[in-house]
Amino acid sequence: MPQYKILTGNYAVAYGVKLSKPQVIAAYPITPQTTIVEKLSEFIEKGELKAKMLRVESEHSAIAAVIGAALAGARTFTATSSQGLLYMHEGVWMASGARLPIVMAIVTRAIFPPWNIWTDHGDLLDQRDTGWIICMVEDNQEALDMIIQAYKIAEDERVLLPVMVGLDSFILSHTATPVEVPDEDIIDSYLPAPGENIHYPKISFENPLTYFNLVFPDNYMEFRYQIQEAMNRAKRVVMEADMKYYKLVGRRYGGLIETYRCTDANIVVVSMGALTGDVKEAVDRLRDEGYNVGALKLRFIRPFPEEELKKELLHKKLVIVIDRAISFGKGGILYTEISSALYEGRFREIPVIRGYVTGLGGRDITVDDVITMVERLITRLESGTLTHGWEWFKLRKEVVE
Amino acid sequence: MPLSIKNLPKEEILLQPGHAACPGCPIGIGLRIVGKVLGKRTVIVVPACCTSIIQGPYPYSAIKVPLVNVIFAASAAVASGIASAFEAMGVRDVNVVVWAGDGGTADIGLQALSGAAERNDNIIYICYDNEAYMNTGIQRSSSTPYKAWTTTTVTGKQEFKKNVPAIVAQHRIPYVATASIGYPLDFAEKLQKASKIKGFKYIHLLAPCPVGWRFDPSLTIEVGKLAVLTGLWPLYEVENGVFRLTSISLGLLDKSRRVPVEKYLRLQGRFKHITDEDIKVYEEYVDQLWEVLRKLHGKKIV
Ligand SMILES: Cc1ncc(C[n+]2csc(CCOP(=O)(O)OP(=O)(O)O)c2C)c(N)n1
Ligand SMILES: [Mg+2]
C-alpha cells in the first residue's frame, strides 16, 4: 500500500531517490538543496538505503564523482542549486558527453551577485545547451514521481543521457504538502535493478576501453549528432515512462507538456514549475469572468516539445509566456524558445506571442498577478495594439530611476 | 621477494608501442612500470595533460587497461566515484589510479586531491611531476622550481616549488611517497606497497621532460638520477605517519656523498641563464632541506 506523508519538496525528492535505489550519491551543500542530502544521509545511516555517500569538497567534485561511479556501472544521484550548478558546469557537459544516466535534482535558485536564495529559473535554463534532459515540476508529488521517472528515461538504451529534475526554491523545496509515497515493490518493478542491464560500456577489465581520448575534426561532430538523436528519441521515451508509471502507480503527467482547459481556449498562458499551479487557478477565475483562457505547463525544456507546442498553440489567438529568467540582451528565455518553435517554417497565421519576465530572485507572483497579466494583454489585443514581444512585470522601476 | 627488473612481467600490461610520446618522455617509462606492478585490474584516471595525447587519438589507443580521460580539476573526485561504485557493487581486487601532471595536482586539481585524501578514499594518486604545464607549451606551474625558464617565466621563476607530498602527508593518509623516473625500482616498490594498503595512497614521481627542461632526450634517466643524487629531490615514504628516506637517498644524509647541485642544473637548458648567486641559493636550499630530513628520518611526523 502506498504511504501518505506530509513532505517538503526536498523530502519528496529524497523519497523518490530512496525508492530508485542509487548505489552512489555525491553532493555538496547549498541552500536550498541541503535537506535533500541530509534526508538521504539519514536514510543511509538508518540502513533504509544501501548507497555509498561521498561527502565531497565541492560541486565540481560531486558531479565528477557521480560520473566516475556511473562509468563504473552504478546508479547515481546528486543535487545542487544556483552557484553549485554553475561551479560544476564543465562536469555537467562531461556527464552528457559521456552518455551517463545520472539523475540530478536542481532546486532552482537565483544567481549571485547579489546573494539571493529564492527561486529563479536562470540556473536551470543556463544548462539548456549541455545535452542534459531537463524537466521542471509543479508540486511535491511530481517531484517524487519525476525523480523515479528520470532514472527510467535516462537509463533507456534509446536515450542514455543524464536528467535534471528542477523544483522551485522554497515554494516547493521547503513547503510541506501531502505526498503519496509509492510502494517499494511497485517501483522495483518499474525500474531495472540498479547496476544491472546497463546499456553503455561500463569500465571492464575483460574489455578495457580508453574513454574520451582525443578526437579529431573528422569524428567529433558525429558524437554531437548522436546526442541530438538521443534527445529526439527521448521525447517518446518520456511518454512511455509516464504511461508505464501510470499503469503501476496511478499517476501521469502527460509527457513533455501538460495542458489545462486549453481545448476551447483562444488565449493560453505558458509557464513552468510551481507558478503553474497559480496559473491554473487564474485560468479558472478568468473563465468565470467569461474569458476563454487555458494553461500550458512546460514540463521539459530539453528535449524541447516543439511539435506539442505547435499542436496546442498555433491556432490560438494569443500565447502568453511567463518567464522566471532572462537571457540578458535578448529577453525571456522560454518566450524566445517558444517563439522560435511557433515561427519555424511559418510566417503568418501564428498567434500573437507575448512574454513577461517576472518573479526573478523569488519575487512573489500570485494568482491575482497572473490575472492582471492576462487582462492587460486582452485589452491591448482587443484594441488592436498588441504585437509580438516581451515586457517586464512587477518590476519596481521607480527604484532604479 | 624483493622487486627486481627480472621479476616484473616482460609483457607490456598498460602502454603499447605506437603511442604518441616525444622521444625521451618520462611518462611512457612511468606508465609501463605502473602497468607491470599493478597489473590488468587497474583503472587509470587521467586529467588533461600530456598523457591525454600520448595514449593516441580515437578510434585508436595505446592503452591496454581501462583508462578514463576527465576534466582537468577533477581526477581525484572521478577516481573516488569509481572506487565507491566498485565498493558498492562488490567489485574487489582492483586498483583505481589517478595519473596526473603537476598542474593537475599542485594547481587546479589540489582541491579535489585534498578532498579525496581527507576522506581517505581507496585510490592510488600518482602525480608525475614534469615541473610545468607541458601539454599547453611549457607554462609555469606551482611545481616549477626556482629560476627555471618557462614560457611564462622567461627570466626564470621567482618562487620555489610547492611541496605537494608534504601537504598531502598532513592529511594523515596511510601512505605518501616520492619517486623519480631515474630510480624505477624504487618507484615500483612504492607502487607495490601502495597497492596493498586500503585508503588513500599518494606517490609524487619526478618526471624529467627533455622538451620542457631543455636537455637531450637520451638523458631522461640521467637527469632523474641527478635530481636525487644532488639531494634536490629526496626519495622517501611516509607510512602510517612514519617518515623514512628510501633507496639511494638513505646514503645522502652524509653531505659529502651528495653531487653538487650545479651538475644537475647545468645539464638543463631551462637553467641556462642562472648565475653563481642562484646556484648558491640552491646549495643553501639543499643543505637546509637535508637538515630537516635528518630530523624527520625514522620519526612519526603526522
Ligand atoms: C579547466 C581547464 N583549464 C585549462 C585547460 C588547458 N590545459 C590542458 S593540459 C594543461 C596543462 C597540464 O599540465 P600538467 O598537469 O602539469 O600536465 P603536463 O601537460 O605537464 O603533462 C592545461 C593548462 C584545461 N584542459 N582545462
Ligand atoms: Mg606538468
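Worth saying up front: this structure is predicted, and the values here are computed from it rather than measured.

(A) Representation of the coordination of the magnesium ion (ligand 2) within the structure. Residues and elements named next belong to chain B. Here the magnesium ion (ligand 2) is held by the protein donor atoms Asp102 (OD), Asn130 (OD1) and Ala132 (O), which lie 1.9 to 2.0 Å from it. Every donor residue of the magnesium ion (ligand 2) comes from the same chain, spaced as D-x27-N-x1-A. Taken together, the residues aspartate 102 in the loop between strand 3 (95-101) and helix 4 (103-107) and alanine 132 in the loop between strand 4 (124-129) and helix 6 (164-169) connect sequence positions 30 residues apart. Assigned by exposure class, aspartate 102 and alanine 132 land together as buried.

(B) Just the side chain of glutamine 141 of chain A, in detail. Checked against the element boundaries, glutamine 141 of chain A lands in helix 7 (residues 140-155). With residues near it in sequence (within four places) discarded, glutamine 141 of chain A still touches Val179, Glu180, Arg251 and Tyr253 of chain A.

(C) Just the interface of chain B and chain A, in detail. The partner chain A presents 37 residues to the 40 residues of chain B that form the contact. Both sides together, the interface formed by chain B and chain A hides about 3,000 Å², and carbon and sulfur atoms give 67% of it. Three residues, Tyr58, Ile71 and Met89 of chain B, lead the burial of chain B against chain A; their summed loss comes to 21% of the area buried on that side. One can count two salt bridges joining chain B with chain A. With a shortest N-O distance of 3.8 Å, glutamate 87 of chain B and lysine 52 of chain A are connected by a salt bridge. Put simply, chain B and chain A have 10 residue pairs in polar contact (both at pLDDT 80 or more) between them. For the side of chain B that touches chain A, the element with the most residues is helix 3 (residues 75-89) of chain B, which contributes 11 residues. Residue classes in the side of chain B that touches chain A are distributed as 24 nonpolar, 10 polar and six charged. Across two bridges, strand 9 (residues 210-211) of chain A lies against strand 2 (residues 67-70) of chain B in parallel orientation. Within the sheet, the bridge partner assigned to tyrosine 211 of chain A lies in strand 2 of chain B and is valine 68 of chain B.

(D) Quick look at the packing of helix 3 (residues 59-71) of chain A against helix 5 (residues 89-97) of chain A. All names here are of chain A. At a minimum axis separation of 8 Å, helix 3 and helix 5 run at an interaxial angle of 15°. When the interaxial angle is binned, helix 3 and helix 5 end up roughly parallel. Regarding helix 3 and helix 5, the two cross each other, and that crossing is left-handed. Contacts between helix 3 and helix 5 involve His60, Ile63 and Ile67 from the first element and Glu90, Gly91, Val92, Met94 and Ala95 from the second.

(E) Region of interest: the sheet that holds strand 1 (residues 42-47) of chain B. One open sheet holds the nine strands; their spatial order is 9(A)-2(B)-1(B)-3(B)-4(B)-6(B)-5(B)-7(B)-8(B), and the pairing between them is mixed. The open sheet has two edge strands, strand 9 of chain A together with strand 8 (242-245) of chain B, and neither has a second partner. Of the pairings in the sheet, the one linking strand 1 of chain B to strand 3 of chain B comprises four bridges and is parallel in character. Bridge pairing in strand 3 of chain B places valine 43 of chain B opposite valine 96 of chain B.

What counts and what doesn't
Residues numbered from 1 in each chain as written. Chains lettered and ligands numbered in written order. Predicted model: local features only at pLDDT ≥ 70, side-chain atom pairs only at ≥ 80, totals over all residues. Heavy atoms only, no water. Donors = N, O, S within 2.8 Å, 3.2 Å for Na, K, Ca; no water. Helix = DSSP H or I, 4+ residues; strand = E, 2+ residues; numbered from the N terminus. Buried < 20%, exposed > 50% of the residue type's maximum accessible area, 1.4 Å probe, protein only. Contact = heavy atoms within 4.5 Å. Buried area = accessible area lost by both parts, 1.4 Å probe. Salt bridge = Lys/Arg side-chain N within 4 Å of Asp/Glu carboxyl O. Polar contact = N/O pair within 3.5 Å; in protein donor to acceptor, adjacent residues only side chain to side chain. Nonpolar A, V, L, I, M, F, W, Y, C, P; charged D, E, K, R; others polar. Pairing = 2+ DSSP bridges. Axes fitted to C-alpha atoms, helices over the stretch in contact; angles between N-to-C directions. Parallel < 35°, antiparallel > 145°, perpendicular 65-115°, else oblique. Left-handed = near helix turned anticlockwise from the far one by under 90°.

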